[in-house]
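One letter stands for each residue in the lines below.
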Amino acid sequence: MSEEPRGVSRRRVITTAVASSAYASLARASVPFEPYLSLHETARRIAAREVSPVDLTREMLARIAAVDPVLKSYATVMADGAMADAQIAAREIGAGRYRGPLHGVPIGIKDLCWTKGVRTMGGLAVRRSFVPQVDATVVTRLRAAGAVVLGKLNLSEGAAAGYNPAMDVPLNPWNHDRWPGLSSSGSGVAVAAGLCFGAVGTDTGGSIRMPSSANGVVGLKPTYGRVSRYGVMAMADSLDHVGPLAREVTDAALMFDAMAGHDPRDPTSLDAAPANATKALGGGVRGLRIGLDRDYAFRGIDAGEARALEAALKVLESQGARIVEVRMPDVSDAPQYWSVICSHEMAAAHAATFPVRAAEYGPYLRAMLADGAAVTPEQLAAARRRQAALTAQMDELLASIDVLAGPTSDSPAWPITHALQVGPLPDYHRAWGAAQPRSAEFTMPMDLAGVPAICLPCGFSPEGLPYSLQFTGRRLSEAMLCRVAFAYEQATDWRRRHPPVQA
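What counts and what doesn't
Residues numbered from 1 in each chain as written. Predicted model: local features only at pLDDT ≥ 70, side-chain atom pairs only at ≥ 80, totals over all residues. Heavy atoms only, no water. Helix = DSSP H or I, 4+ residues; strand = E, 2+ residues; numbered from the N terminus. Rg over C-alpha atoms; globule rule 2.2 N^0.38 Å. Buried < 20%, exposed > 50% of the residue type's maximum accessible area, 1.4 Å probe, protein only. Contact = heavy atoms within 4.5 Å. Areas by Shrake-Rupley, 256 points an atom, 1.4 Å probe, with all protein chains shown as cover. Lys, Arg positive; Asp, Glu negative; His and termini not counted. Charge placed at Lys NZ, Arg CZ, Asp CG, Glu CD. pLDDT = per-residue confidence, 0-100. Phe/Tyr/Trp six-rings, centres within 6.5 Å; stacked < 30°, edge-to-face > 60°. Lys NZ or Arg CZ within 6 Å of the ring centre and 35° of its normal. Expected span 1.5 Å × (residues − 1). Axes fitted to C-alpha atoms, helices over the stretch in contact; angles between N-to-C directions. Parallel < 35°, antiparallel > 145°, perpendicular 65-115°, else oblique. Left-handed = near helix turned anticlockwise from the far one by under 90°. Nonpolar A, V, L, I, M, F, W, Y, C, P; charged D, E, K, R; others polar. Salt bridge = Lys/Arg side-chain N within 4 Å of Asp/Glu carboxyl O. Pairing = 2+ DSSP bridges. Right-handed = clockwise from strand over helix to strand, strands pointing away.

A. Representation of the overall build of the protein within the structure. Counting its secondary structure elements, the protein contains 18 helices and eleven strands. The C-alpha radius of gyration computed for the protein amounts to 21 Å, which stays within 12% of the reference 23 Å derived for 503 residues, consistent with globular compactness. Each principal axis of the C-alpha atoms in the protein carries an extent, and together these give about 65 × 60 × 45 Å. By residue count, 63% of the 503 residues in the protein fall in the buried class. Long-range contacts, defined as pairs at least 24 residues apart, comprise 78% of the intrachain contacts of the protein with a sequence gap of at least 6. Total accessible area on the protein is roughly 17,400 Å²; 54% of this is exposed by carbon and sulfur atoms. Computed over 51 positive and 49 negative side-chain charges, the inter-centroid distance for the protein is 5 Å.

In structure tokens:
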């Protein structure tokens, strides 16, 4: 579904010489275009006027045009709008009106978030012609921070696990035959492949963290209600979270700080103090209590993943953290009651088009919506009781420690075929269950309980696929999560490894 950026050559431009006349007289130097540069270093160069947002955006659009026809991370490339945003940013910065570390930085937006005047499909053939008249709050806030929106990123159909056969399926840039993650797959692929400096994702059962894990990037799932869902197509109202994906923890913290905050248009939005996750970076981990349930974290997972997790904990111990043995609540049945709640709420969200336009849905989502429509009040009530019990247990556990450590998934990205991803629900789940039988246990509990979690790379398999470490925290503890993740990240060099993408 990608559109070719107009006026952008497919030839890679070598340097980012400043193009904007408003910016040129203030630029000190041209520097090579570095698609894998961190967002925060890119921001520093923009603020120092070493690079222009205009040329940076032009270079990134050229890279998208060269690389993304294969990877298919973008649903819609907003080339004209991005260049206009970049020109405004260059003029403002040139005039001394610098808005902060996102000003002039090109990012991508998951195509579940409304963008004024630009189609927002949500991976749904039935919504191909939907053009919102307003931006989602999260888009409004990122634009207010000065971010340049490159385009809309592909996702699974309606943010479920399977894709609509008529829509593009993103490819994992580390290995095209491996799983790209769940619904924020386009966001994970674009960040990993150097096709934006950060991206917006959503997480209902793991869809920020699983794509981050599969693609080797950082994913932050905030506390429920911390980031507004206004203008974000619903998957399941009581489970949906919005958060950033980025290549480094600092980048995720910068994006989160810009995205978070109360929004009266979202009835579930929290009226909490400012996030300030970026300010917590560098605080170190000395004396912090990192909880670990060894049975929960290690039972049945990939041996290499287990070794990587053990090594990561040793790194944190060497910095003064204390590893505290804890007991994770029983989450073995969490996928079952999560499915009852999610499918029921998703059926309600799609009531205007399903089942009346069922033929336009893919086989996976058709089955999920049919299941949701068949949920009885008794089944829903029982699922809500289990959710409430888990929430209380998670709150009690997390109150006794600073963060909980564990894997993001039980193995690296698993082998998958296009037919599985666009095929029936039972086939997909059978293959997924065989490849990663416990993966949902590492992500769904945090969505059910509404508590925040962050994941980041912690090593690579012999096949060159990323391993991922996850930290979970108390409500509104995103700053602590970023602090711990940053301490680990800075003591290792996994963030410097990138997939073999040719441009």
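Read on, since the account is not over.
B. Highlighting the confidence of the model for the protein. Residues at a pLDDT of 70 or more form 94% of the protein, whose mean pLDDT is 94. Per-element confidence in the protein ranges from a low mean pLDDT of 48 for helix α1 (residues 21-24) to a high of 99 for strand β5 (residues 218-221). In the predicted structure, residues 1-22 sits below a pLDDT of 50 and forms 63 contacts with residues beyond four places in sequence or in another chain. Across residues 24-29, confidence stays below pLDDT 50; counting only partners more than four residues off in sequence or on other chains, it has nine contacts.

C. Spotlight on the packing of aromatic side chains. Inspection of the entire model under this criterion finds eleven aromatic pairs. The interplanar angle of 80 degrees and the centroid separation of 5.4 Å between the aromatic rings of F354 and Y361 together place this pair among those described as edge-to-face. Measuring from ring centre to ring centre gives 5.8 Å for Y364 and Y428, while their planes differ by 65 degrees; the resulting arrangement is edge-to-face. Remark: Y428 occurs in helix α16 (residues 425-435) and Y364 occurs in helix α13 (residues 363-373); sequence separation between them is 64 residues. Ring pairs connect the aromatic residues W179, Y364, W414, Y428 and W432, which therefore count as one cluster. The ring of F130 has R127 sitting right over it, with the charged end atom 4.4 Å from the ring centre. The lysine or arginine in question, R497, covers the ring of F460, its NZ or CZ lying 3.9 Å from the ring centre.

D. View of the environment of P363. Residue placement: P363 occurs in helix α13. Overall, the relative accessible area of 25% leaves P363 in the partly exposed class. In contact with P363, other than residues within four places in its own chain, are P165, V422, G423, P424 and L425.

E. Spotlight on helix α12 (residues 334-349). The first and last C-alpha atoms of α12 sit 22 Å apart over 16 residues, in line with the 22 Å expected at 1.5 Å per residue. Listing the buried residues of α12 in full gives A334, P335, Y337, W338, I341, C342, S343, E345, M346 and A347. Here the buried face of α12 lies against α13, α14 (377-399) and α17 (444-449).

F. Spatial organisation of the packing of helix α5 (residues 137-144) against helix α8 (residues 249-259). At a minimum axis separation of 8 Å, α5 and α8 run at an interaxial angle of 110 degrees. Our classification of the angle between α5 and α8 gives roughly perpendicular. The two elements α5 and α8 meet at a crossing, and its hand is right-handed. Between α5 and α8, the residues in contact are V138, R141 and L142 and M255, A258 and M259, respectively. Classifying every residue of the contact of α5 with α8 gives five nonpolar, no polar and one charged.

G. Summary view of α14. Over its 23 residues, α14 extends 33 Å from the first C-alpha to the last, a length consistent with the 33 Å expected when each residue adds 1.5 Å. Along α14, the residues that are buried comprise L380, A383, Q387, L390, T391, M394, L397 and L398.

H. Up close: the pattern of salt bridges. Inspection of every chain in the model, using the stated rule, returns 25 salt bridges. Between E310 and R294 there is a salt bridge; the shortest N-O distance is 2.2 Å. With E310 in helix α11 (residues 303-318) and R294 in helix α10 (residues 294-298), the pair connects residues that are 16 residues apart, well separated along the chain. Taking the relative accessible area as the measure of exposure, E310 reaches 24% and is therefore partly exposed. By relative accessible area, which is 34% here, R294 ends up partly exposed. Between D402 and R474 there is a salt bridge, and its shortest N-O distance comes to 3.7 Å. Of the two residues, D402 is situated in the loop between α14 and β9 (403-407) and R474 in the loop between β11 (466-472) and α18 (478-490); the sequence distance between them amounts to 72 residues.

I. Spotlight on the pairing of strand β3 (residues 148-153). With respect to burial, β3 is a largely interior element, six of its six residues being buried. Pairing analysis gives three bridges linking strand β1 (residues 74-77) to β3, with the strands arranged antiparallel. The residue bridging Y74 from the neighbouring strand is L153, located in β3. Looking at chain direction, strand β2 (residues 106-110) and β3 are connected through five bridges and run parallel. Looking at β3, one finds that I109 is bridged to K152. A crossover connection joins β2 to the parallel β3 through α5; in handedness this β-α-β unit is right-handed.

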